[in-house]
Amino acid sequence: MASPQIDEQHPDAVDRAVDDQGPSGDLKDLSAHAVAQGQALSGYENLSVWQTVWKFKICSFLCFLASISAAAEGYQISLMGNIIANPGFARQFGTQIGADGEKVLASSVMSVWGSVGPTFQMIGQLSIAFVSNRFGRKNAMFFFWVTLLASVICEVLSRNWKVFLVSKILGSYGVGAMQSTVPPYISEIAPTGARGALIMIYMFWWITGQFFAPVALQVMSKTDPNNWLTPIYTQFGQVGLMFIIYLILPESPAWCVGRGKIDQAKKNLRFMYRGVKDFDFEHHIHLLVINIEHERAEANEQKGVKWYAIFQGRDRLRTIISAWPLLTQQFIGLGVFFGYGTYFFQQAGIKDPFRVTCITSGINIFATIVIVYLADITGRRLIACYGTTLCMFCNVGVGILGVVPKGTVSDNLLVVFAVFWNIGLICNGASAYAYVSETSSQRLRSYTAGFANGLVTPTGIVLGVLVPYMLNNNEWNWGLKTCWFFTGLGTPFTVAMWFLLPETKGRTTAELDELFERKIKPWRFHKTTTLTESLVEMKNDHPSVYIVENVGTHGKSG
């Protein structure tokens with residue numbers, strides 16, 4: 001009997017073929033077609049999130065270690081945004097005399113810091129992709145680690161705003177390179193069933209670092225308010241821990257396979273999955289090979305084999321999706337509540353701005369834990385969309401407070417809105433790391449992640465210049481009314497998220513490739529059956545039937 005034709009637009013059409021010729025032939029044909037599309041079963045598709053983490057304990061722990069890098073990123077960004085409220089820092093780097101006769105930081109200086117930082121962050125985000133793709137993810141980590149170490153040394157030695165600017169340049173480059181390297185690395189090595197949670201742990205560490213920066217400054221404000229150097233020194237501990245972690249982490253097997261380093265890929269896999277009973281290392285290599293070969297075949301057909309393929313065809317849409325949550329952050333007030341959090345509360349007249357920042361950061365840590373738990377249960381899409389929408393409602397609330405008489409009630413409401421805004425942003429931010437890391441194809445992952453991060457930065461540069469003027473009582477003095485500005489900017493981007501973001505929960509890279517190749521609408525991804533899902537369903541219905549998965553030029557591999 002002739003083999004049934006597989007409907008590529010509707011792979012579940014094979015279900016009808018089972019009635020015509022039985023499960024055995026259909027499973028084999030579907031399996032062969034899946035391999036041709038870069039897909040095959042791993043044998044672990046039915047594991048829950050926590051079963052996956054427990055099954056692959058070492059691999060999950062390596063993802064956890066890699067994400068600790070984010071603590072240094074969050075700490076540095078928060079420290080630089082909040083230390084400007086330290087009297088000793090203002091006295092050291094101030095260039096103007098305030099009404100009380102004390103030195104104050106000029107808005108022009110803060111604007112230079114706020115714009116130059118994102119500029120070099122963008123350079124780091126874009127350039128590290130070429131280092132990562134050519135020399136490997138691990139070497140890229142050591143590359144940006146050196147710049148972070150140099151930035152801390154420069155901060156310690158600086159005594160005027162121009163030298164401190166150099167430290168901003170180095171630190172921003174290192175942070176940008178880290179953002180484009182570590183989350184995609186976690187995505188490449190993480191087990192599919194727990195990939196979302198393991199990527200979003202990066203956000204947990206980012207928030208943890210962001211929390212301890214104002215804590216350190218709060219302690220200094222009570223014991224030695226003019227001491228700005230001690231918080232700077234604390235960064236050395238984080239940089240040292242990062243070095244130890246990067247020594248432990250293996251190179252990404254997916255990168256190794258993509259570069260033809262099969263033996264190195266096998267070695268790293270054995271390190272990551274040692275202790276996993278009956279784990280088929282050869283078959284896992286086979287899964288990586290057929291996926292990468294399929295992507296290359298598609299790229300050759302579309303003449304998109306170079307890095308700029310991220311701007312072509314369906315890869316262009318994947319790049320836009322990767323960048324969208326990050327881009328939306330900028331338009332919903334990131335620079336106000338995060339970049340200049342303590343300064344914002346200080347200018348709003350809150351008596352203890354450090355304390356409010358510490359409260360919001362502490363709540364953020366708890367919210368991040370909840371989000372990590374939900375990442376592979378509810379998925380990324382709902383977390384991102386609902387969180388961003390919450391931010392917009394909070395912007396409206398804060399904006400209203402800016403036009404009503406100020407008092408104790410309004411101050412308390414400001415803290416409440418700030419807390420919920422931060423929770424919304426945590427939802428957006430955690431999901432953003434997942435979309436940057438998961439949405440792209442394997443062959444373009446480093447380039448897509450770099451560009452997605454870099455695309456956001458020009459907006460950050462412009463807003464980095466404008467936000468200090470908006471908040472400064474001696475300049476535009478918008479105060480809380482600044483949130484109306486971000487309500488107008490953020491609304492269209494928030495609405496677009498509901499139509500643009502796909503659900504990537506539980507999907508392998510090969511499955512996502514299939515969905516994009518079939519031109520499925522992003523908001524319908526979670527309702528669409530892939531070849532892999534058809535294989536799992538049919539195999540569960542007919543467990544005794546053998547599935548031929550090792551089809552192609554590589555022969556039997558497991």
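These numbers were taken from a predicted model, which means no experiment stands behind them. (Residues numbered from 1 in each chain as written. Predicted model: local features only at pLDDT ≥ 70, side-chain atom pairs only at ≥ 80, totals over all residues. Heavy atoms only, no water.)

**Observations regarding the overall build of the protein**
In step 1: If you tally the helices and strands in the protein, you get 25 helices and two strands.
In step 2: Buried residues in the protein amount to 59% of all 558 residues.
In step 3: Taking the contacts inside the protein whose residues are at least 6 apart along the sequence as the reference set, 79% of them involve residues at least 24 apart.
In step 4: Element-wise, carbon and sulfur atoms account for 63% of the exposed surface of the protein, whose accessible area totals about 22,100 Å². (Helix = DSSP H or I, 4+ residues; strand = E, 2+ residues; numbered from the N terminus. Buried < 20%, exposed > 50% of the residue type's maximum accessible area, 1.4 Å probe, protein only. Contact = heavy atoms within 4.5 Å. Areas by Shrake-Rupley, 256 points an atom, 1.4 Å probe, with all protein chains shown as cover.)

**Quick look at the confidence of the model for the protein**
In step 1: On average, residues of the protein score 82 in pLDDT, and 86% of them reach the 70 mark or higher.
In step 2: Element-level pLDDT for the protein is lowest in helix α1 (residues 14-21), with a mean of 38, against a maximum mean of 95 in helix α4 (residues 57-67).
In step 3: Confidence over residues 1-25 falls short of pLDDT 50; this stretch has 40 contacts with residues more than four positions distant or in other chains. (pLDDT = per-residue confidence, 0-100.)

**Focus on the packing of helix α9 (residues 161-189) against helix α22 (residues 445-471)**
In step 1: Closest axis-to-axis distance for the α9/α22 pair is 9 Å, and the angle between their directions is 140 degrees. In terms of axis orientation, α9 runs oblique to α22. α22 is crossed by α9, and the crossing has right-handed handedness. Taken together, the residues of α22 that come into contact with α9 (itself represented by Gln179, Ser180, Pro184, Ser187 and Glu188) are Arg445, Ala449, Gly450 and Asn453.
In step 2: Across the contact of α9 with α22, the residue classes tally to two nonpolar, five polar and two charged. (Axes fitted to C-alpha atoms, helices over the stretch in contact; angles between N-to-C directions. Parallel < 35°, antiparallel > 145°, perpendicular 65-115°, else oblique. Left-handed = near helix turned anticlockwise from the far one by under 90°. Nonpolar A, V, L, I, M, F, W, Y, C, P; charged D, E, K, R; others polar.)

**Description of a nonpolar patch on the surface**
In step 1: A cluster of nonpolar side chains, contributed by Phe130, Trp307, Tyr308 and Phe311, occupies part of the molecular surface with about 390 Å² of accessible area.
In step 2: Relative to the helices and strands, Phe311 is located in the loop between α15 (281-301) and α16 (313-331). (Patch = residues over 30% accessible without salt bridge, like charges linked within 9 Å, V, L, I, M, F, W, Y side chains within 5 Å. Salt bridge = Lys/Arg side-chain N within 4 Å of Asp/Glu carboxyl O.)

**Let's talk about the nonpolar core**
In step 1: One finds Phe144, Val182, Ile186, Met242, Tyr246, Leu249 and Tyr273 to be the most contacted residues of the largest nonpolar core, which totals 70 residues.
In step 2: Here this core takes twelve residues from helix α10 (residues 195-223), the largest share from any one element.
In step 3: Not counting the four nearest positions on each side in its chain, Phe144 is found in contact with Gly174, Ala177, Met178, Thr181, Val182, Met242 and Tyr246.
In step 4: With 24 residues, the next largest nonpolar core counts Ile321, Ala323, Ala449 and Met497 among its residues. (Core = buried A, V, L, I, M, F, W, Y, C linked by side-chain atoms within 4.5 Å.)

**Overview of the environment of Met203**
In step 1: Take Met203: it is sitting in helix α10.
In step 2: Judged by its relative accessible area of 5%, Met203 is buried.
In step 3: As a C-alpha pair, Met203 and Ile371 span 168 residues in sequence and 9.6 Å in three-dimensional space.
In step 4: Every residue in contact with Met203, bar those within four places of it in the chain, is listed here: Thr368, Leu425, Ile426, Gly429, Ala430 and Tyr433.

**Brief notes about the state of the cysteines**
In step 1: For the structure on display, the rule yields zero disulfides.
In step 2: Not part of a disulfide, Cys391 finds its nearest cysteine sulfur in Cys394, a span of 6.6 Å.
In step 3: Residue classification places Cys391 among the buried positions, given a relative accessible area of 0%. (Disulfide = S-S within 2.5 Å.)

**A look at the environment of Ala449**
In step 1: Note on placement: Ala449 falls in helix α22.
In step 2: Once residues lying within four places of it in the same chain are set aside, the contact partners of Ala449 are Ser180, Pro184 and Val436.

**A few points about helix α5 (residues 69-82)**
In step 1: In a regular helix each residue adds 1.5 Å, so 14 residues correspond to 20 Å; α5 covers 20 Å between its end C-alpha atoms and thus fits that length.
In step 2: Most of α5 is tucked away, with 13 of its 14 residues classed as buried. (Expected span 1.5 Å × (residues − 1).)

**Considerations on unusual backbone geometry**
In step 1: Here Asp278, not a glycine, exhibits a phi torsion of approximately 60 degrees, which is positive.
In step 2: Here Asp278 lies in the loop between α14 (262-272) and α15.

**A look at the packing of aromatic side chains**
Aromatic ring pairs: the centre-centre distance and the angle between the two ring planes describe each pair.
In step 1: Summed over all chains, the structure comprises 39 aromatic pairs.
In step 2: Considering the side-chain rings of Trp478 and Phe485, the 6.0 Å spacing of their centres and the 55 degrees angle between planes classify their relative orientation as tilted.
In step 3: Judged by relative accessible area, which is 29%, Phe485 ranks as partly exposed.
In step 4: An aromatic cluster of at least three residues, connected via ring pairs, comprises Phe130, Trp307, Tyr308, Phe311, Tyr447 and Phe451.
In step 5: The lysine or arginine in question, Arg134, covers the ring of Phe135, its NZ or CZ lying 5.2 Å from the ring centre.
In step 6: The ring of Phe281 carries the charged tip of Arg270 above its face, separated from the ring centre by 4.6 Å. (Phe/Tyr/Trp six-rings, centres within 6.5 Å; stacked < 30°, edge-to-face > 60°. Lys NZ or Arg CZ within 6 Å of the ring centre and 35° of its normal.)

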